[in-house]
Amino acid sequence: MNIQSKPPVAAQKLDAETRIVGHDHVHDSASRHVRGQAVYIDDMPDLPGTLHCAPVLSNVAHGKILNIDFDKARASEGVVDVLLASDIPGKNEVAPIFADEPFLAEGKVEHVGQIVGLVVADTLAHALQAARKVVVDIEELTPCFDEAEAFEAQSRTLPDQHLKRGDAQQAIEAAARRLTGRVKMGGQDHFYLEAHTAHAFPGEAGDMTVWSSTQHPTEVQVHVAMLLGVKSHKVDVKCRRMGGAFGGKESQATIIAGLAALAAHATGQPCRFRMRRDDDMAATGKRHGYTINYDVGFDETGRIHGLKVEALAHSGHVADLTGPVIARTLTHLDNCYHIEHADFLGFAAKTNTVSNTAFRGFGGPQGMVAIEAIIDDIARSLGRDAQDIRAANYYGAETGSETPYGQSVFVGDELAHDNPLRNVIERVTSNARWDEKRTQIEAFNAKRGVLRKGLAMMPVKFGISFNLTTLNQGGALVHVYMDGSVHLNHGGTEMGQGLNTKVAQVVAEVFGIPLGDVQITPSDTGKVPNTSATAASSGSDLNGMAAFNAASEIKARMLDVACEHFDAMPSDIDFRDGQVVCGDRSISFGTLAKYCWMKRISLSAEGFYATPKIHWDGKTMKGRPFFYFTYGAAVAEVVIDTLTGENRCLSVDIVQDCGKSLNPVIDLGQIEGAFVQGMGWLTCEELWWDEKGRLRTVGPSTYKIPGSRDVPPVFNVELLENRPNPEETVYRSKAVGEPPLMLSIAVWLALRDAVSSLSGHRLAAALDAPATPERVLFAVEDMKERAGELI
Amino acid sequence: MDKVAINLTVNGRNRQALVPPRMLLSDFIRHELELPGTHVGCEHGVCGSCNVLVDGKAVRSCLMFAVQTDGARIGTIEGMGADGSLHPIQEAFWEEHGLQCGFCTPGMLVAATELLAEKPDPSEEEIREAISGNLCRCTGYEFIIKAIRSAAQKLREGNGAAQTESA
C-alpha cells in the first residue's frame, strides 16, 4: 500500500494488537456527570462583578432599522450598558466563510430573532427585563420565507454549485422511462440540552479569555479578535465540554461568545451570556430544509441512465455554512448508486429566516432523502420492489465504481473480494429477516384494516473528511510528567460524543499506561492553535492521529533512554501496563520519565496530522474530497393509522461499519443516538413559522423531539466485524458521528411504503418530510383519491 | 416585593433563606444554594433536565417557585450517594454508559430514583414511561434504559445500602 503520510505514523503500529484502543471504556466524564460535578460553562461560579447579557431581538422578518430607542432600557434597574452595532470597536462580522453576517444588525434586519442589541446588567433577570424595553423602529419590507419562491426570484446567498458528469439531459431523453418529481423536507433544530453559553473575562492589556460552548474555539478566537479590533494572540478561547452540539455550535457559538466578549470589553467586567431556550431557538441556525426537484431517466430494470436535480437549500438570510452544506448534498445525492449521467445543481435560497447552518450530516441527509425518494418513485412506477431498483444501481463491477465527482468508491480489492456496501446490506437484511418480514407485512396489510404496515431498507455510504481539503488537519499537545502521568490536550472539542475518551485511549495505548494516567484538559486555543471545527465526524480521525503522533514522538525519545538503561535494542523493549519491560527486567513508565528528565530529554511534544490523499476543486466539483467512505444499512418496520395518520416505528435493525472501532460501546451510543435524532427530523420535529416569519416552535412543548417512548421497541445494532479501515486511519478506525443519522431514512421510506400499500404499491406516496401524523394522514387521503379503490 | 423566609431541608441539610417570591426553584438551587448539578434545559417544564426530588417526588424545578418549598425535603443530584461513594443508580448510569453529553443525566437520575422507589422491578415499558418526561438528545435512550434496569437489579440485590435523603 502506498504510504503518503509522513513518519512517525507507520502502518504496522496502527495494525498492532491493542490493549486499550478497541475496547469498551466509559466516557471520561461519566463519573462526574452522575454526581452533577461535570462543570458546564453556565455552572462556573461568578467572579465578583460578573454581569449578565440579554439580547434584543428583531420582531420583524425584513426591514430597515429607522431608530433604536434604548433610553428606557438604560434607565431600567441594574442595567450597566446597552450595546449596538455602533459600539463594536472592530469589525461587525461573524460569517464563517463569506463576509455577510453581522454580530449585531446594522441598518437592516433580515429575520425575526435577529440580534439587534445586547443589554448588560447585574443580573440575568434585570438584563432580560431591560431588553424588552428597547424599542426598535423598523420600516417593513417584503419578506421571502420559501426556498422555491427565492429560486423563482433568483435570490441567493452565494453562487450556485454545479456537479456534472456526462450528459444527463440527453441520457434522460434517450431512456425508456422518465419521471419528474419534487421532494420537500423541513429543517431541524439541534435542541442541544445545554443552550448557547459563553463567559468572557477581560484581562490586562486588552487580553480576553472566553469560555465558550463551541465546537470551534479557533473560529471564536478569530472573530472575537476581529470584533474587538485586536490580533488573535490577545484572545484565548476554552471549552471543557458542551451539553450537546450536533453542528449547532460550529458557527453559531461564535455569535454568543463574541457578544459576551464585546460586553466584557465594554464594561471591563466578566460577562456571561446564556441564551434562554426560546431566544436560542429563534436566533440561532438550524438544519437546512430543502426543496429538491428531479428529472430522471431509467430503463425497465430500474437502472438510472441520467439524473438531473435542482437542490434548493433554505439558506436563511446569510450564507453561513450553506456553501459546504450544499457541496455535501451534491456529493451525497448518489448515495450508494452509480449514476453515469448526472447534473446536480445546488442553489442557496436567500430567505428571511434564521441562518441555517451545520447539523449532523451537513447536507448529506438531504441529498440521500432525495435519491431514496427517486428510487422509491421509480420502483412504484415499474411496479417493483424498491430493493430491486437499488440492486440495479449499486456501485459495483457491473455498474461502475466512480462517483460523479470522480472519486473511486472502492479501495484495494474491496470491489472484487470484500465489498463493504454488499457486506452491510447482506448482513442487515439477514439480521432483520427481510423476506419473512415482508411476507408478514403483506399478510397484515391484506386484512385491509385501519392499521397498515410498511418496511424499508436504507443503505448509506458517507464520505469522511471535510470537503474543503484545508480543514482536514488536527493538532495535539502531550506532556509526560516526571511521575509518568500524562497531560493531554488536542484541537477537538467534547460535546458528549466521547472524543476525549477516544483520544486519551490512543495516548494511553502508545505509552502502554493505564487510561486513568492520561489527564484530559479543556480545549484551548492557547495550547493547540489554528484548529478546525470538531465536525464532519472527523474529531477522532484528525485529533486522535495528531495525539498519536505527539505521543509517538515522546515515546521514541523515551525509548532511546530505555535502550541505554537496559543496554538493549528498541525491539527488545515493550511499553505495557505502566511498565517498560525488557526481557525479565522492567522499570515503571514514571521511572523512565524521571530518567529522561535527568538526562535533559524533552517529555513534551506537539502532534500534527494532515489527512493524506485528498484533494478537491470546488469550482469543477471534482477530486477526491474524502479520505474514505463509511457504510451502514438499516431496516425499519413501521405501522400507520390510516384514520389519524398516527405512526410508530416498530423495529429497526442496523449494521454499521466503524472500521476497527476505537471504542465499540461509544460507537454504539453514537449510532443509536444519531438514528433517533434522524428519525426525529424525518417524523416528528417540525419547525413552524407563521405568516410574519416568526418561529412558533421555540421550545420542546411545541417542537417535538423523540422521547423514550418514540424509540423503536426493537432496536438491534451491530458493528460490522473484521473490517479494519483499509486506509491508514488511527488504529484503522472509521468515523461514526454523522453516518448513522442517515440510516433513519429507512423509517421515512417505510412510512411511504405503508401509504403506498394502500394502492397495492402501484402508486408512490406523496409524503414529504417530516412525516408528521398530519402529513401521513394527508398522504393517505391523497392515496385514496388517486388509487380509487383501496387495496 | 418583600423577600420571603423559607426553611427547608436540602440533601439532608437544613437550609434557611430569604427569597424573592418569584424566584424559581431552579435558580434558587443553582445560584443561591450553589448546587449547579441541577441543569436548566428548556425553561418551560418539558425537558426534565431540572428535575429534583421534593418530598420524594420528581418535580420540574423550573416550574416551581422557591417559596413553595418552605418546609419541604429537597433532593438534588449532589445529594445522591453518601460519603463520596456512588448511589447504585449513579453507579449503573456510569457503568452502563447511560449518558453522553451528560446534561440530561441529573434529571434522568432523579426520574429513575422516583421510579425505583415505587417499582423495584420495573418492566421496560414502565421505565420508558417513567423517563418519558426527560429528554435526551444524545443517546436514543437505549443505554439509559439499560442503566435503569441495572440499577433496579443492584438495589434489589441490596447493593443499595447507600440510601440517602434524595432516594
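None of these values were measured; they are calculated from a predicted model. (Residues numbered from 1 in each chain as written. Chains lettered and ligands numbered in written order. Predicted model: local features only at pLDDT ≥ 70, side-chain atom pairs only at ≥ 80, totals over all residues. Heavy atoms only, no water.)

A. Geometry of the interface of chain A and chain B. Each partner contributes to the interface: chain A provides 50 residues, whereas chain B provides 43 residues. Of the roughly 3700 Å² buried between chain A and chain B, counting both surfaces, carbon and sulfur atoms make up 58%. Of all residues in chain A, the largest losses of buried area upon contact with chain B belong to Val34, Leu193 and Ser708 of chain A, amounting jointly to 20% of the total for that side. Taken together, the connections running from chain A to chain B amount to 5 salt bridges. Its salt-bridge partner being arginine 137 of chain B, residue glutamate 685 of chain A comes within 2.7 Å of it at the nearest N-O pair. Within the residue set of the side of chain A that touches chain B, elements represented by two or more residues are helix H2 (30-33) and helix H19 (664-684) of chain A. Sorting elements by how many residues they give to the side of chain A that touches chain B places H19 of chain A first, with 8 residues. Among the residues forming the side of chain A that touches chain B, the class breakdown is 21 nonpolar, 18 polar and 11 charged. (Contact = heavy atoms within 4.5 Å. Buried area = accessible area lost by both parts, 1.4 Å probe. Salt bridge = Lys/Arg side-chain N within 4 Å of Asp/Glu carboxyl O. Helix = DSSP H or I, 4+ residues; strand = E, 2+ residues; numbered from the N terminus. Nonpolar A, V, L, I, M, F, W, Y, C, P; charged D, E, K, R; others polar.)

B. Main features of the domain arrangement of chain A. All names here are of chain A. In terms of domain boundaries, chain A breaks down into domain 1 (11-38 + 473-610) and domain 2 (406-464 + 627-791). In this structure, the connection of domain 1 to domain 2 is made through 2 salt bridges. Across the pair lysine 502 and aspartate 667 runs a salt bridge whose closest N-O atoms are separated by 2.7 Å. Joining domain 1 to domain 2, the criterion identifies 9 residue pairs in polar contact (both at pLDDT 80 or more). The set of elements that each furnish at least two residues to the side of domain 1 that touches domain 2 consists of helix H1 (11-15), helix H16 (499-511) and helix H17 (539-566). With 6 residues, H16 is the largest single contributor of residues to the side of domain 1 that touches domain 2. Its residues assigned to classes, the side of domain 1 that touches domain 2 shows 10 nonpolar, 12 polar and 6 charged. (Domains from an automatic or database assignment. Polar contact = N/O pair within 3.5 Å; in protein donor to acceptor, adjacent residues only side chain to side chain.)

C. Expanded view of the confidence of the model for chain A. Chain-level statistics for chain A give a pLDDT mean of 96 and a share of 98% at 70 or above. Contacts for the low-pLDDT stretch residues 1-8 of chain A, under 50 throughout, to residues beyond four places or in other chains number 13 contacts. (pLDDT = per-residue confidence, 0-100.)

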